[in-house]
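Letter by letter, the chains look like this.
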Amino acid sequence: MIDSGVTDPAKARSVGRWKLLLVLFVCASPLIASYLTYYVFKPEGRTNYGAILDPRNYPIPKLASTTLEGQPRTLEQMSGKWLMVRAGGGECHQACQEQLHAMRQWRLMQGKNMDRMQRVWLVLDDKPVDTAALRRYKDAEGQDVDLLEGVTLLRAPADAVGKWLPAESGTGASDHVYLIDPLGNLMMRFPKDPDTRKVYKDLAKLLKASAIG
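Fair warning: this is a prediction, and the values are worked out from it, not measured in the lab.

**Observations concerning the overall build of the protein chain**
Here is step 1 of the chain: In terms of regular secondary structure, the protein chain is built from 5 helices and 8 strands.
Here is step 2 of the chain: Reading the protein chain from its N terminus to its C terminus gives the helix and strand order α-β-β-α-β-α-β-β-β-α-β-β-α.
Here is step 3 of the chain: For the protein chain, buried positions account for 36% of its 213 residues.
Here is step 4 of the chain: Expressed as a percentage of contacts within the protein chain between residues at least 6 apart in sequence, the contacts between residues at least 24 apart total 69%.

Laid out in structure tokens, this is it:
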């Protein structure tokens, strides 16, 4: 038999598609494994401090958010990192300051993984943010702490954010810190007045289980 060297085009396309699917599966396998771990195969005795949210129920809405200077910027543009998100007005009193400080500490406690995390403050009104005061926050030891260092501030419509972020009974969105994964999925909510160590452990487990972000 003489081999003409001509390959069946239909067969070649089929082989090519299977190769592409295999490559996509290999690339996506770390994400698939982490989600199966958290949503499907839940080991006995494993406890999450934060409330796990089904991202299908809370897709990020079109918020028309902007920087404090009025430049358009969205949460979607920050995809690729784990986002810790708080929401509240521009007046940042004690509870707000403590929340920002806690977010700062949770990130620092991740050590080598802290650069995989980004903090976001959704400002839900037009009131000015006293950035000078927040950059001179006094911690429990009396040390000056810049609460806004590395924080992304975005003004966003309160109605849209309130409808999107689920809160515990008797609380509002501003009482919680939320976690968005690097693919833009809202996946966790931490309780009001949270235990710092327990939040840290949740975050550390997620970062360890996931190769994304």
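**Regarding the confidence of the model for the protein chain**
Here is step 1 of the chain: With 79% of its residues at a pLDDT of at least 70, the protein chain reaches an overall mean of 87.
Here is step 2 of the chain: Across residues 38-44 the pLDDT falls below 50, and counting only partners more than four positions away or on other chains, this stretch makes 15 contacts in the model.

**Section: helix 2 (residues 94-108)**
Here is step 1 of the chain: A rise of 1.5 Å per residue sets the reference length of helix 2, with its 15 residues, at 21 Å; its end C-alpha atoms lie 21 Å apart and thus fit the reference within 8%.
Here is step 2 of the chain: Where helix 2 is concerned, the buried positions are Cys-96, Gln-99, Leu-100, His-101, Ala-102, Met-103, Trp-106 and Arg-107.

**Let's talk about the state of the cysteines**
Here is step 1 of the chain: Across all of its chains, the model carries 1 disulfide by this definition.
Here is step 2 of the chain: Disulfide pairing places Cys-92 opposite Cys-96 at an S-S distance of 1.8 Å. A torsion of -95° about the S-S bond marks the disulfide between Cys-92 and Cys-96 as left-handed.
Here is step 3 of the chain: Take Cys-96: its relative accessible area is 8%, and that puts it in the buried class.

**Observations concerning the pattern of salt bridges**
Here is step 1 of the chain: Evaluated as defined, the whole model comprises 5 salt bridges.
Here is step 2 of the chain: A salt bridge links Asp-146 to Arg-135; the shortest N-O distance between them is 2.9 Å. With a gap of 11 residues between them, Asp-146 in the loop between strand 5 (144-145) and strand 6 (151-155) and Arg-135 in the loop between helix 3 (131-134) and strand 4 (137-138) connect regions that are remote in the sequence.
Here is step 3 of the chain: Assessed through its relative accessible area of 22%, Asp-146 is described here as partly exposed.

Each value, and the rule that gives it
- Residues numbered from 1 in each chain as written.
- Predicted model: local features only at pLDDT ≥ 70, side-chain atom pairs only at ≥ 80, totals over all residues.
- Heavy atoms only, no water.
- Helix = DSSP H or I, 4+ residues; strand = E, 2+ residues; numbered from the N terminus.
- Buried < 20%, exposed > 50% of the residue type's maximum accessible area, 1.4 Å probe, protein only.
- Contact = heavy atoms within 4.5 Å.
- pLDDT = per-residue confidence, 0-100.
- Expected span 1.5 Å × (residues − 1).
- Disulfide = S-S within 2.5 Å.
- Salt bridge = Lys/Arg side-chain N within 4 Å of Asp/Glu carboxyl O.

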